[in-house]
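# Per-entry structural report
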Amino acid sequence: MAVWPKAAKGRNREMTTNGPALSPCARYFWRSHPLANRSGSELFTTLFLADTSLPGATGIATLLESPATSNPGYETALARYSICAGAPRLVQHQRQMWTPALGEVLPFLNRLSQLSSPVAELMANESEAIPDELPFLGGWLGWLGYDLAWEIERLPWLKDDRLPFPVAFWYEPAEFVVLDHRAQRLWLAADTAERVELLSRRVLAQPFLGQNATASDGLSTNEDFSSIYIEEKYSQEMLDWKTKHLTFETDKAEFQQAVAKAKAHIRAGDVFQVNHSLRFQAQTTMPSWEVYKTLHAINPSPFASYWHTPWGQVVSCSPERLVHLEDGVVQSRPIAGTRPRGNTPTIDQRYAQTLLSDPKECAEHIMLVDLERNDLGRVCEWGSVQVDELMVIERYSHVMHLVSNVVGKLPPTVSAAQLVAALFPGGTITGCPKVRCMEIIEALEPVRRSLFYGSCGYLDRRGRLDLNILIRTLLLTAEDADTSDGADTSDGEVTHTVWGQVGAGIVADSQPAHEWRESLQKAKAQLLALGLSATEVG
């Protein structure tokens, strides 16, 4: 087996290999204001969007957003908080940002996790008590590409990644805000008193636009609302923006052949299930932030994110959590099993019942829940791993899913990096057993997965970790990127190359034509967000 050649291990697009010495902020300055029903997108626009036009690392900005309104009770569990952040801190003329190469990612995360600090030290002398339940009190934001798996397991490396994003990127922001949607409170933090005062003045000067209300009922929105939102809110802009040259990396026949090969592996007893994915690509003049706002409006999800970086933009409306760690309690929330949304409540409920009663879907879901239990069992205390939610229905704009929640207790001797190594990548986007599935995926898929099916999120200074799985995701080239790939810029507009990737879980009785249709269904919200019509989406 060909494994991880030096050209792959050393191949890097990082601005630096290791980055500067770790010098975490000793103290943050805080302010608090009423949230007044403002959304994460609204605060990001007010505080950080303008800075994304700055060059290089100074233009870095991040939004980790949960829908401000959602199904009754749902915000308590998953969608209570959003986080916005600006550029990396500057320490001795160096930005606190890192892009470790394969082989160095987990050791780097381990070093971060060893820099935990008591809350009292991070918030010394604050006149207002900062709630300990806030998910992020300072620390690092970042992503892990799918190829991190090659650092964890011995796997064949059969192709190169054509996309420009580093496999890992983490940074410590100089300023950030945390939105508590349930308590309707906004918390501002910065590494200097001057910065936090400036944030506070900008927030107080902001009109209450109420943009979050466009998400309607949040996670229960359906396709009809999606179409109305686009028509009413973005119709004129979308007439001006152009998305064209939509292509798929494999056509229908090639995809179905790959499904047949995956089924042959299943019949041979190699695996029980394989997640096979499909890459698509287009050219668009739509700004990346507008792509994010549109996608989040038509497909609000609890683990949505927007990343503006020197390599390009990441736009994600992921519904799936890979792992959450807080005070030694670990959670993983696998999603497996899909149906389209119905046009009426009756049809929608009928689809939900068929999903819950489908023996194939239920068996596949239980298998993947068991995989998550086994992964957590490798690092959690003996007997602590439990399933506290099993096969519940969660609804999104174009599809509904079967979802479970697996919990466990992490012993103090196990680090956050070791936890990530035990779970990454999520079994729902590989299949079971995981390692053999990744070998098959490497052979069947024509391109490397890059950031797709990796993870992004935060590692807090208290040791709290929250990572999603990067599904429902678009990657866009940097706005000042070279457009020599044939993009039409004769009218002076900036043209991005945009990529997306969707997949389907292949089992013994999968029908190749059905798996192709399901993959296109999963791509629908992303393609609609790019301004493509339902006819063009298919």
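Predicted model, so just to flag it, every value in this text is computed and none were measured.

What counts as what
- Residues numbered from 1 in each chain as written.
- Predicted model: local features only at pLDDT ≥ 70, side-chain atom pairs only at ≥ 80, totals over all residues.
- Heavy atoms only, no water.
- Salt bridge = Lys/Arg side-chain N within 4 Å of Asp/Glu carboxyl O.
- Helix = DSSP H or I, 4+ residues; strand = E, 2+ residues; numbered from the N terminus.
- Buried < 20%, exposed > 50% of the residue type's maximum accessible area, 1.4 Å probe, protein only.
- Phe/Tyr/Trp six-rings, centres within 6.5 Å; stacked < 30°, edge-to-face > 60°.
- Lys NZ or Arg CZ within 6 Å of the ring centre and 35° of its normal.
- 1 Å grid on protein atoms, 1.4 Å probe; cavity = no way out; pocket = protein on both sides within 12 Å on 5 of 7 lines; lining within 4 Å.
- Points joined across faces, edges and corners; volume = space filled by probe spheres on them.
- Nonpolar A, V, L, I, M, F, W, Y, C, P; charged D, E, K, R; others polar.
- Patch = residues over 30% accessible without salt bridge, like charges linked within 9 Å, V, L, I, M, F, W, Y side chains within 5 Å.
- Areas by Shrake-Rupley, 256 points an atom, 1.4 Å probe, with all protein chains shown as cover.

## Section: the pattern of salt bridges
For the structure shown, the criterion picks out 30 salt bridges. Among the salt bridges present, the one from Glu-249 reaches Arg-162, with a minimum N-O distance of 3.1 Å. Here Glu-249, found in the loop between β11 (243-248) and α10 (252-267), pairs with Arg-162, found in the loop between α6 (149-152) and β8 (168-171); they are 87 residues apart in sequence, far enough to count as distant. The exposure class of Glu-249 is partly exposed, given its relative accessible area of 29%. One salt bridge in this structure joins Glu-394 and Arg-333, with 2.7 Å as the shortest N-O distance. Here Glu-394 is found in strand β18 (residues 386-395), whereas its partner Arg-333 is found in strand β16 (residues 329-333), with 61 residues between them in sequence. Owing to a relative accessible area of 5%, Glu-394 belongs among the buried residues under this scheme.

## Considering the packing of aromatic side chains
Within this structure, the stated rule accounts for 22 aromatic pairs. Taking 5.5 Å as the distance between ring centres and 45° as the angle between the ring planes, the aromatic pair formed by Trp-98 and Phe-108 counts as tilted. Separated by 10 residues along the polypeptide, Trp-98 in strand β6 (residues 97-98) and Phe-108 in helix α4 (residues 105-113) bring together distant segments of the chain. In terms of burial, Trp-98 and Phe-108 fall into one category: buried. Ring centres 6.2 Å apart and planes at 70° place the aromatic pair Trp-143 and Trp-311 in the edge-to-face group. Taken as a pair, Trp-143 in strand β7 (residues 139-144) and Trp-311 in the loop between β13 (303-309) and β14 (312-318) lie far apart in primary sequence, 168 residues in all. An identical accessibility class is assigned to Trp-143 and Trp-311; each is buried. The rings of Trp-143, Phe-165, Phe-169, Tyr-171, Trp-307 and Trp-311 are connected pair by pair, giving a single aromatic cluster. If you follow Arg-448 out to its NZ or CZ, it ends over the ring of Trp-157, 3.8 Å from the centre. Sitting above the plane of the Tyr-146 ring, Arg-449 keeps its charged end 4.9 Å from the centroid.

## Overview of the layout of surface pockets
The computed volume of the second largest pocket comes to approximately 350 Å³. Lining the second largest pocket are 18 residues; nearest its centre among them are Leu-325, Gly-328, Val-414, Arg-462 and Gly-463. Partitioned by chemical class, the residues of the lining of the second largest pocket number seven nonpolar, six polar and five charged.

## Remarks on empty space enclosed by the protein
With the rule as written, the count across this model stands at seven cavities of 30 Å³ or more. The calculated volume of the largest cavity comes to roughly 320 Å³. Lining the largest cavity are 26 residues, and of these Asn-275, Thr-338, Thr-428, Gly-503 and Lys-522 lie nearest its centre. Those elements giving two or more residues to the lining of the largest cavity turn out to be β12 (273-284), β17 (335-340), α13 (359-377), β24 (496-506) and α16 (512-529). Counting residues per element, the lining of the largest cavity draws most heavily on β24, which supplies five residues. In the lining of the largest cavity, the residues fall into eight nonpolar, 10 polar and eight charged.

## Observations regarding a nonpolar patch on the surface
A surface patch of nonpolar side chains, amounting to about 210 Å² of accessible area, comprises Ile-366, Val-387 and Leu-390. With respect to the helices and strands, the residue Leu-390 is situated in strand β18. Relative accessible area serves as the criterion here: at 47%, Leu-390 is assigned to the partly exposed category.

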